[in-house]
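Each chain, letter by letter, is given below.
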Amino acid sequence: MNTQLLPASPAASSSGRPELPPTKIPARGWFARQHRQRMLRTDLLTVIAWASVAAAIALWLADGGATNITSAASLFTAAGIVAGLAGMDLVLLMLLLAARIPFIDRTIGHDRALEFHGKLGKPSLYLLLAHGLLLVIGYGMAEGLDPVSESINLWVQVPDMWLAFVSMALFIAVVVTSLVAVRRRVPYEFWYVVHLLTYAAVATSIPHQFSVGGLFAAGTWQRWYWLAICIYTGSALVYFRILEPVLATARHQLTVARVERVAPGVVNIVMRGRKLDQLAGSGGRFFIWRFLAPGMWWHPHPFSQSAEPVVNGRDGQGTLRVTVRNLGDGSAQLLRLRKGTKVALEGPYGLLSTAARTKNKVVMIGAGIGITPLRALLETTPFAPGEATVLLRGHTDQELYLGNEILDLCRARGVRLFHLTGPRAHGQFMWLPADSVHNGYSLTSYVPDIRDADVYVCGPSAWAANVIADAGKAGVPEEQIHHERFDW
C-alpha cells in the first residue's frame, strides 16, 4: 500500500495546463441555504406528482362519476375508469421523469429521476391492467356477456378500442423487459429499443380516451385539462430529448482532435469545438456523447468531462476532453477513434457537482475511471485551502488515472491527497486496501472531520456502495453523500 499525504498549503501548478483562476469562496452558510432551497424544490415536485394523481381522479368525481354507481356492473365500470385515469397519470409522470427536464435534473439528479421512473413502472402497469379487466367485467355484466366475449365485442364494435389493446400489450412488453432479471439476459441495445415502445404504447392509448365515454367529451374542461398534460408531456420529451441535443450539437460543432493514451486500456479523447465557455463549470456532471463514426453513431456514452474546457480562441473556441476506459465492446471502439470524427452531445446532467453541496468542507473519494469526474470537480468546486480532502483508490499506482494532474491541482488549491493502493480488504472496510485495514485505518483516519463535509463518491457500483455505507457509519448524514450513476 502506498499512502501519500500532501500538506494543505497552496503551491504552483506544474501540469502544463493554464493556471487556475481565483475561486470565489461562498460565505459561511451559503451551501446550507442552497441545500434548503433544493429540498424545497424536491418537496414541490413531490406535491405536484401526488396532486396530479388526485386531479386525475377528481376529473371523474367532478363529472358526477360516483352518482352513477347504482349496480354491481356500474361499480366495476367506475373502478375501471378510476384505475385507468390514475394509471395513465403515472405513465405521464414516468415520461416527464425521463425527459431530462433541467428543473427536475438539478433538483433530484438524473439517476434518482430514473430510479423514480422505474419504480412507477409496475404500479402504472397494474392500474392499467385493472382498468382493462374491470371495464370488461363491468361492461360484460351490463350486457350479459362473459369477459372474453365482451373483450371481442369491444375490439370489433368500439372505435379505437383495438388501439387500447395494442397499447396494453406494449406496456406489458416494456415493463417485463425492464425487470432486472430480464435486463441481465438481453443486450442493452435490445432493451433500449424495446423501452422506446413506451412512446408507442402511450400514443396508441390516447385515441380511445377521447372517443369512448363522455368524461372527455368535446367542450368539457376535463377534456382540455387532459389534452394539456398530454401535450405538455409530449412537448417536453420532443424538446429536451430531441431538439435540445440537436441544437447543442450544432452550437458546439465538436470533432475529435486526438486520442491520448493515459494507461493500458485508458485514453483521453480530446475534442475541438466552439462556444465551449458555455460548458465550463460542469465539473462532475456528465454528458451523453455520440461519436458519429460508422457502427458507433447510434451508441450513447455517458461520460463526465475529466477537465474544464480550455478556451483559447474567439467565439469560445478551444478543446475539451473525456477520459475513457475499455470496459466492453462499445468503449473499446472509442480507443480507436479517428481525428476529425464529429461528435453529438447531450447535457450536462446530474447532481455530482457544486449544486449538491451542503457544507464548506468537501471530501472526494474515487476509484478507477471514477477518479476522472472528481478531477474535473476538484478543478471547479469552491473551497478554501485546507477544507478539501481527496482519496484515490486503485490496485496499483497505474490505476490512479490522471493522478499527476490531480496532484498538481491539490498542490495549487491546498488539498489533502491520499493515494490508497494495494489489494482490497475484506469485511466492513472492503473498499480500503488490506494493508490500511490491517494497520487499523478507517475512513475517519484519513478525514477526522468527515461529518462536517460533503462526500463525493465515484467508482464501480459495488465499491461505491461500500464507501457510502462506511461514510454513513462514520456519521455523515445522507444528504451530505453524493453519488450518481452515469449509466441507465
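What you see is a predicted model; the values in this text were computed from it and never measured.

**Q** So what about the overall build of the protein? Which residues, and what values?
**A** Each helix and strand in the protein was counted, giving 17 helices and 12 strands. Over its C-alpha atoms, taken along the principal directions, the protein stretches across nearly 85 × 50 × 45 Å. When contacts within the protein are restricted to residue pairs at least 6 apart in sequence, long-range pairs at least 24 apart make up 75% of them. By element, 62% of the accessible surface of the protein is carried by carbon and sulfur atoms, the whole surface being about 22,800 Å². Separation of charge centres in the protein, based on 44 positive and 34 negative side chains, amounts to 6 Å.

**Q** Give me the lowdown on the packing of helix 1 (residues 30–62) against helix 11 (residues 221–252), citing residues and values where you can.
**A** Running from N to C, helix 1 and helix 11 point in directions that differ by 155°, and their axes come no closer than 10 Å. In terms of axis orientation, helix 1 runs roughly antiparallel to helix 11. The way helix 1 lies across helix 11 gives a crossing that is left-handed. The segment helix 1 lies against helix 11, with S52, A55, A56, L59 and A62 engaging W221, Q222, Y225 and W226.

**Q** Quick one: what's the story with the packing of aromatic side chains, residue by residue and with numbers?
**A** Per the stated rule, a full pass over the model turns up 10 aromatic pairs. Pairing F216 with W226 gives two aromatic rings, centres 5.4 Å apart and planes at 20°, and the pair type is stacked. Of this pair, F216 sits in the loop between helix 10 (197–211) and helix 11 while W226 sits in helix 11; the two residues are 10 residues apart in sequence, bridging distant segments of the chain. Taking relative accessible area as the criterion, F216 reaches 4% and is therefore assigned buried.

**Q** How would you sum up the sheet that holds strand 12 (residues 481–482)? Please name residues and give values.
**A** Spatial ordering of the open sheet is given by 10-9-8-11-12, a layout of five strands whose pairing is parallel. With one partner strand each, in any of the chains shown, strand 10 (416–421) and strand 12 form the two edges of the open sheet. Examined bridge by bridge, strand 11 (residues 453–458) and strand 12 share two bridges and lie parallel to one another. When the bridges of strand 12 are listed, V455 appears paired with I481. Each of strand 8 (361–367), strand 9 (388–394) and strand 11 touches helix 13 (residues 371–380); the most contacted strand, strand 8, lies at about 155° to it.

**Q** Tell me about the nonpolar core, and name the residues and values.
**A** Proteins that are soluble and globular tend to have nonpolar side chains buried together. Of all hydrophobic cores here, the largest spans 39 residues; its most connected members are L85, F171, F216 and W226. Of all the secondary-structure elements, those providing two or more residues to this core are helix 1, helix 2 (72–97), helix 3 (102–108), helix 5 (121–143), helix 7 (161–178), helix 10 and helix 11. Grouped together as the second largest cluster of nonpolar side chains are 22 residues, F418, A471, A474 and V476 included.

**Q** Describe the environment of A54, naming the residues involved and giving the relevant values.
**A** Position of A54 among the secondary structure elements: in helix 1. Residue A54 is classed as partly exposed on the basis of its relative accessible area, which comes to 44%. Between the C-alpha atom of A54 and that of V256, which follows or precedes it by 202 residues, the distance is 50 Å.

**Q** Could you give an account of the sheet that holds strand 5 (residues 310–311), naming the residues involved and the relevant values?
**A** Spatially, seven strands are ordered 4-3-7-1-2-6-5 in an open sheet, and the strand pairing comes out antiparallel. In this open sheet, the two strands that pair with only one neighbour each are strand 4 (301–304) and strand 5. Looking at chain direction, strand 5 and strand 6 (residues 318–325) are connected through two bridges and run antiparallel. Across the sheet, residue V311 finds its bridge partner in strand 6, namely G318.

**Q** Which residues make up unusual backbone geometry, and what values go with them?
**A** Of note, the bond from G347 into P348 is cis; its omega dihedral lies within 30 degrees of zero at 10°. Positive phi is not limited to glycine here, since L402 has a value of about 60°. If you trace the backbone, L402 turns up in the loop between strand 9 and helix 14 (403–413). A relative accessible area of 8% means that L402 is categorised as buried.

**Q** Report on the pattern of salt bridges, specifying residues and quantitative values.
**A** In the structure shown here, the tally under the stated rule is 12 salt bridges. Between R357 and D454 there is a salt bridge, and its shortest N-O distance comes to 3.6 Å. With R357 in the loop between strand 7 (342–349) and strand 8 and D454 in strand 11, the pair connects residues that are 97 residues apart, well separated along the chain. Between R375 and E405 there is a salt bridge, with the nearest N and O atoms lying 2.8 Å from each other.

**Q** Pulling in residues and values, what's your account of a nonpolar patch on the surface?
**A** A surface patch of nonpolar side chains, amounting to about 540 Å² of accessible area, comprises V148, I152, W155, V156 and W162. Residue contributions to the nonpolar patch peak at four residues, all from helix 6 (residues 147–157). If you trace the backbone, W162 turns up in helix 7. We classify W162 as partly exposed; its relative accessible area is 42%.

Criteria and thresholds
Residues numbered from 1 in each chain as written. Predicted model: local features only at pLDDT ≥ 70, side-chain atom pairs only at ≥ 80, totals over all residues. Heavy atoms only, no water. Helix = DSSP H or I, 4+ residues; strand = E, 2+ residues; numbered from the N terminus. Contact = heavy atoms within 4.5 Å. Areas by Shrake-Rupley, 256 points an atom, 1.4 Å probe, with all protein chains shown as cover. Lys, Arg positive; Asp, Glu negative; His and termini not counted. Charge placed at Lys NZ, Arg CZ, Asp CG, Glu CD. Axes fitted to C-alpha atoms, helices over the stretch in contact; angles between N-to-C directions. Parallel < 35°, antiparallel > 145°, perpendicular 65-115°, else oblique. Left-handed = near helix turned anticlockwise from the far one by under 90°. Phe/Tyr/Trp six-rings, centres within 6.5 Å; stacked < 30°, edge-to-face > 60°. Buried < 20%, exposed > 50% of the residue type's maximum accessible area, 1.4 Å probe, protein only. Pairing = 2+ DSSP bridges. Core = buried A, V, L, I, M, F, W, Y, C linked by side-chain atoms within 4.5 Å. Salt bridge = Lys/Arg side-chain N within 4 Å of Asp/Glu carboxyl O. Patch = residues over 30% accessible without salt bridge, like charges linked within 9 Å, V, L, I, M, F, W, Y side chains within 5 Å.

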